[in-house]
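Geometric and topological summary
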Amino acid sequence: ELSPVLQGRRSKSILSETVLTSEQDDFTATVEVGSLKADQVYRYRLILDGQKLSDLFQFRTFPKQYRSSVFKVAFGGGAAYTPEFERVFTTIKSHHTIAFLQLGDNIYVDQPEKRAIQRYCYYRRQSSIPYRSLVSSVSTASIWDDHDFGGDDCWYGDDPDSPDWKRTILKTFQENWNNHSYGGGSETPGCYHDFYIGDVHFIMLDCRYYRSNPNVPEGRTMLGNSQKQWLFNTLKRSKGTFKIIASSVPFASGVKPGSRDPWDGYPEEREAIFSYIQQKRIEGVALIAADRHRSDIWKIERPDAYPLYEFMSSRLTNIHIHKVMEKSLFGYNAKRSFGLLSFDTTLKDPSLTYHIQSIDDESIYRYTLRLSELQFED
């Protein structure tokens, strides 16, 4: 049952289609409700077997696609179930963001062949009252990283069917995250996808499913060929004022010195992506990432092109800390934190502001980019 609230008046309730759940899908289901208006508040509740099962929840729909707008998005990674720090999700909810992006290590399993353990870890994460309160009221999009896909710093090659648990672990992931879409279908599976909020284009990458051995330079890949071509085509067709590329691991060089797990382990593919942006003169690109247990800002200088800024945050609840790197423009690891992205594309020179916010809702740092800083010189 969906009850829209428009201009302060409660309109007629909408009853969605009935969806049957099954043990095969872990008793999860996706319910579609059509004819919703852009940028409006709706209330809803869940009905099970004819009985009103849930409280009344509330969410806001996205601004109209391709239209200039003002909104906020929260993001982060490193969300191990840690009871004393689950309150970070209450802090996030207080900012009334229109979306929440989870960029990997959303749970910690490290048991890709044991589905029962994976499901237990998801149950534990989803049972957190602060977390449930947040995700029941805001659109959530998710990608995975090593600890919720395989093992620490894992790579298993670019064959979509090897190891044979890959499709199963993806199905378990799909049962827990209602993303806008999933990969390229059965032939090119994965959790990569894209969507618009107003005129801002979010491009979410799967950095694990197709990852090959970073110690073998010839043909090494993080994305796999199909996903890389999808990324290029998506960027080429994009109508976004800003294009936000989300990666579970950082692009910037030196974020984890000596490690081949971030994009430093795949420099050829990273350069191919950056060169494509330059060759096709794709403007308004910014990067967001997770993995490192801190919140950072990095500036990636590019010859004969605008610099690429990367905003990173991956210590939502984790106990373990990674030290701040001197090469970053700014870094913070004193408390658990999350990233906020504030967009205002109604301005003559549209703006994007990255806020680092602590678990206690302290404004740690903010950095504003103008679209004019992410454009090529004539």
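Structure's up top.
Let me begin by describing the structure that accompanies this report. Just so it is clear, the structure is predicted and the values come from calculations on it, not from any experiment.

1. A few points about the overall build of the protein chain
Along its length, the protein chain carries seven helices and 19 strands. In summary, the protein chain has a C-alpha radius of gyration of 20 Å against a globular reference of 21 Å for 378 residues, a match within 12%. Projected onto its principal axes, the C-alpha coordinates of the protein chain cover approximately 60 × 50 × 40 Å. Within the protein chain, counting contacts between residues at least 6 apart in sequence, those at least 24 apart form 65% of the total. For the protein chain, the exposed surface amounts to about 17300 Å²; the carbon and sulfur share of it is 47%.

2. Quick notes on the environment of Ala 29
Positionally, Ala 29 belongs in the loop between β2 (9–10) and β3 (41–44). Note on Ala 29: relative accessible area 43%, which makes it partly exposed. Taking the C-alpha atoms as reference points, Ala 29 and Asn 176, 147 residues apart in sequence, are found 9.6 Å from one another. Contacts of Ala 29, omitting those with residues within four sequence positions, involve Val 19 and Thr 21.

3. Quick look at the packing of aromatic side chains
For the structure shown, the criterion picks out 30 aromatic pairs. Judged by centre distance (6.1 Å) and plane angle (45°), the rings of Phe 149 and Tyr 209 are tilted. Pair noted here: Phe 149 is in helix α4 (residues 146–149) and Tyr 209 is in the loop between β11 (200–204) and α6 (225–237), with a separation of 60 residues, a long-range link. The same class applies to Phe 149 and to Tyr 209, which are both buried. Pairing Phe 232 with Tyr 276 gives two aromatic rings, centres 4.3 Å apart and planes at 10°, and the pair type is stacked. With Phe 232 in helix α6 and Tyr 276 in helix α7 (residues 267–279), this pair connects stretches of sequence that are 44 residues apart. Judged on exposure class, the residue Phe 232 and its partner Tyr 276 are both buried. Aromatic rings pair up to connect Tyr 122, Trp 144, Phe 149, Tyr 156, Trp 165, Phe 173, Trp 177, Tyr 182, Tyr 209 and Tyr 210 into one cluster.

4. Regarding the sheet that holds strand β13 (residues 285–289)
If you walk across this open sheet you meet the seven strands as β10-β11-β12-β13-β15-β14-β16, and the pairing is mixed. Every other strand in the sheet has two partners, leaving β10 (193–197) and β16 (330–332) as the edge strands with one partner each. Averaged over all pairs of adjacent strands, the angle between their axes in this sheet comes to 20°, without regard to strand direction. The pairing of β11 with strand β12 (residues 242–247) spans five bridges and is parallel. Counted as the bridge partner of His 201 is Lys 243 from β12. Helix-sheet contacts for α6 involve β10, β11 and β12, and the interaxial angle to β11 is about 180°.

5. Regarding the environment of Asp 361
Note on placement: Asp 361 falls in the loop between β18 (351–358) and β19 (363–370). For Asp 361 and Ile 14, which are 347 residues apart along the polypeptide, the C-alpha to C-alpha distance reads 36 Å. In terms of polar contacts, Asp 361 uses its side chain to reach the side chain of His 95, at 2.6 Å.

6. Side note on the nonpolar core
Grouped burial of nonpolar side chains is what soluble globular proteins tend to show. Core analysis: the biggest nonpolar cluster contains 95 residues, and Leu 101, Phe 202 and Phe 311 have the highest contact counts within it. In terms of residue count, β13 provides more of this core than any other element does, five residues in total. With residues up to four places along the chain from it excluded, the contact list for Phe 202 reads Phe 71, Val 73, Leu 101, His 193, Asp 194, Phe 195, Ile 197, Ile 244 and Phe 343.

7. With respect to the sheet that holds strand β17 (residues 337–344)
What the six strands build is an open sheet, ordered β9-β8-β7-β17-β18-β19; its pairing is mixed. With partners counted over all chains shown, the strands left at the sheet margins are β9 (139–142) and β19, one partner each. Each strand of the sheet is rotated relative to its neighbour by a mean of 20°, with strand direction disregarded. Relative to β9, strand β8 (residues 99–102) runs parallel, the two being bridged by four bridges. If you follow Phe 100 over to β9, its bridge partner there is Thr 140.

8. Examining the pattern of salt bridges
What the rule picks out here adds up to 22 salt bridges. With its nearest N and O atoms 3.0 Å apart, the salt bridge here joins Lys 335 to Glu 362. Remark: Glu 362 occurs in the loop between β18 and β19 and Lys 335 occurs in the loop between β16 and β17; sequence separation between them is 27 residues. Overall, the relative accessible area of 27% leaves Lys 335 in the partly exposed class.

Analysis parameters
- Residues numbered from 1 in each chain as written.
- Predicted model: local features only at pLDDT ≥ 70, side-chain atom pairs only at ≥ 80, totals over all residues.
- Heavy atoms only, no water.
- Helix = DSSP H or I, 4+ residues; strand = E, 2+ residues; numbered from the N terminus.
- Rg over C-alpha atoms; globule rule 2.2 N^0.38 Å.
- Contact = heavy atoms within 4.5 Å.
- Areas by Shrake-Rupley, 256 points an atom, 1.4 Å probe, with all protein chains shown as cover.
- Buried < 20%, exposed > 50% of the residue type's maximum accessible area, 1.4 Å probe, protein only.
- Phe/Tyr/Trp six-rings, centres within 6.5 Å; stacked < 30°, edge-to-face > 60°.
- Pairing = 2+ DSSP bridges.
- Axes fitted to C-alpha atoms, helices over the stretch in contact; angles between N-to-C directions.
- Polar contact = N/O pair within 3.5 Å; in protein donor to acceptor, adjacent residues only side chain to side chain.
- Core = buried A, V, L, I, M, F, W, Y, C linked by side-chain atoms within 4.5 Å.
- Salt bridge = Lys/Arg side-chain N within 4 Å of Asp/Glu carboxyl O.

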